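Summary of the model geometry
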Amino acid sequence: MNRAIFLDRDGVIVKDKGYIHKIEDMEIIEGAADAVKAFNNAGFKVIVVSNQAGIARGYYKEDDTVEFNKAMLDKLEKAGAQIDAVYFCPHHPTEGKVEKYSKVCECRKPAPGMILQAAKEHEIDLRYSWMIGDRQSDIEAGKKAGCKTIFIGEDKGVKNLKEAAGIILHRDKIKSRYGIEETCKKLKAARKKIVFTNGCFDLLHPGHVHYLQEAKKLGDVLIVGINSDASVKKIKGKMRPINSGFERAYVLAGLQCVDYVTIFEEDTPIELLKVVNPTVHVKGGDWESKPIPERETVERNGGKVVFIKFLDGYSTTSLIEKIRKLK
Ligand SMILES: [Mg+2]
Ligand SMILES: [Zn+2]
C-alpha cells in the first residue's frame, strides 16, 4: 500500500486566475515545487485532483486542460518535483453549456470520486493520506474519502503548499532512500552519533521495543531499516509479512526511541548502510555466531558492529502461533 498527498491544482500549485487554461497564463505558486519535491522524498505519491467546470461551461476544451496539465508537470519536473498522476472533473451539474459535460457526477469535488479512483489505481491507503486544497469543497472531498486534510487560505488554515508540507513532514520519520541520505548528511554535519539497525519488525512485541530502546542508548539518533515485503517473504516464508512495509514503518515511527525509518528492497542492508554510515550498527544477539555480510561496509566507514541480546520469550512467530490456537 502507498500513501499519497492529493493536491487541488488552482490556488495550490498554480495561481488561481479564474478558469485558467492557457499555458502562457500559468504561474507556479512560490514554494510549490519544493513542497512536491519534499513529498516525493518522504515516499508519498503526489496526485492532483482538480475541478475543471470551465470545460462544461464551454470556456475551454478538455484538450486545453490536458495540455495545461502536461505543461505544469514539465515545469515541476524541471524543478525536480514529480507529480504521479492528474485527475480532473470536466462536469457541472447545472451551469453546463456543453451537453456531454452537463450532469451530476461522482468526480466533482466535494464528491470524493477522483480521490477514490486514484486510491484504487495507485493502491493508496487513504487513512495515511492527505488532501490539500483552498476551497471548502476540497476539504469535504478529502474527508469523505477518509483522508486527513489541510486547508490553504488567507485567514484560516495555512498560507501555502510549502507551509502545508512543513506541517505534514515536520515530524515525519518515514524516509525514502534519498530522504534518509539527505537526513544522514545533516546529522553527520551536526556530529551526531548515528545508530542503525535493520529487521522485519512485523508484529511488534516487548522484545522489539526493548531491543530498540537499548540500541538508541548507543548514540544520538536511531535509524531503523526495514526489509521490504518481498525480502521478508524470502526470509520468513510466503505468508509473511503480516503487516505491509508501510504499516510496519508506521508502527515503528510511533516509538519514541526511533528517529527515522526507511524501507530497503535489497536482500542485505549493505547499500543502505553506504548512505547511512552509522557509528554503531546493531544486530540481535542471535547474529553473534553468524557471519554478517554488511560488517565490512560498516567497518570500512569507521563504524562498529554491536550485538544486543533479545529478551527471552518473545517473538513474532510465537505470537502468530498463539493467535492460531484461538478459536
Ligand atoms: Mg482551488
Ligand atoms: Zn465530474
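Residues numbered from 1 in each chain as written. Chains lettered and ligands numbered in written order. Predicted model: local features only at pLDDT ≥ 70, side-chain atom pairs only at ≥ 80, totals over all residues.

Here the focus is the environment of Cys-257. Among the structural elements, Cys-257 can be located in the loop between α9 (245-253) and β9 (260-264). In this structure, the C-alpha to C-alpha distance between Cys-257 and Asn-277, residues 20 residues apart in sequence, is 19 Å. Apart from residues lying up to four places away in sequence, Cys-257 is in contact with Leu-212, Gln-213, Lys-216 and Leu-222. (Helix = DSSP H or I, 4+ residues; strand = E, 2+ residues; numbered from the N terminus. Contact = placed C-beta atoms within 7 Å.)

Turning next to the sheet that holds β9. Taken in spatial order, the six strands make up an open sheet running β6-β9-β8-β7-β10-β11, and their pairing is parallel. In this open sheet, the two edge strands, each paired with only one partner strand, are β6 (174-175) and β11 (304-308). As paired elements, strand β7 (residues 194-199) and strand β8 (residues 221-227) share six bridges and run parallel to each other. Within β8, the position partnered with Phe-196 by the bridge is Ile-223. (Pairing = 2+ DSSP bridges.)

In this section: the domain arrangement of the chain. Per the domain assignment, the segments of the chain are domain 1 (4-170) and domain 2 (175-325). For domain 1 versus domain 2, the separation of C-alpha centres amounts to 36 Å. Taken together, the contact between domain 1 and domain 2 spans four residues of the former and five residues of the latter. Taken together, the residues that form the side of domain 1 that touches domain 2 break down as two nonpolar, two polar and no charged. (Domains from an automatic or database assignment. Nonpolar A, V, L, I, M, F, W, Y, C, P; charged D, E, K, R; others polar.)

Counting residues in each nonpolar core, the largest one holds 46 residues, and the members touching the most others are Ile-5, Phe-6, Val-36, Ile-115, Met-131, Ile-132 and Leu-161. Ranked by residue count, the leading element in this core is helix α1 (residues 32-41), at six residues. Ile-132 has contacts with Ile-5, Leu-7, Asp-8, Val-12, Ile-150, Ile-152, Leu-161 and Ala-164, leaving out every residue within four places of it along the chain. Judged by nonpolar contacts, the second largest core, of 29 residues, contains Cys-184, Leu-222, Val-276 and Val-282. (Core = buried A, V, L, I, M, F, W, Y, C linked by C-beta atoms within 7 Å. Buried ≥ 20, exposed ≤ 12 C-beta atoms within 10 Å, placed from the backbone.)

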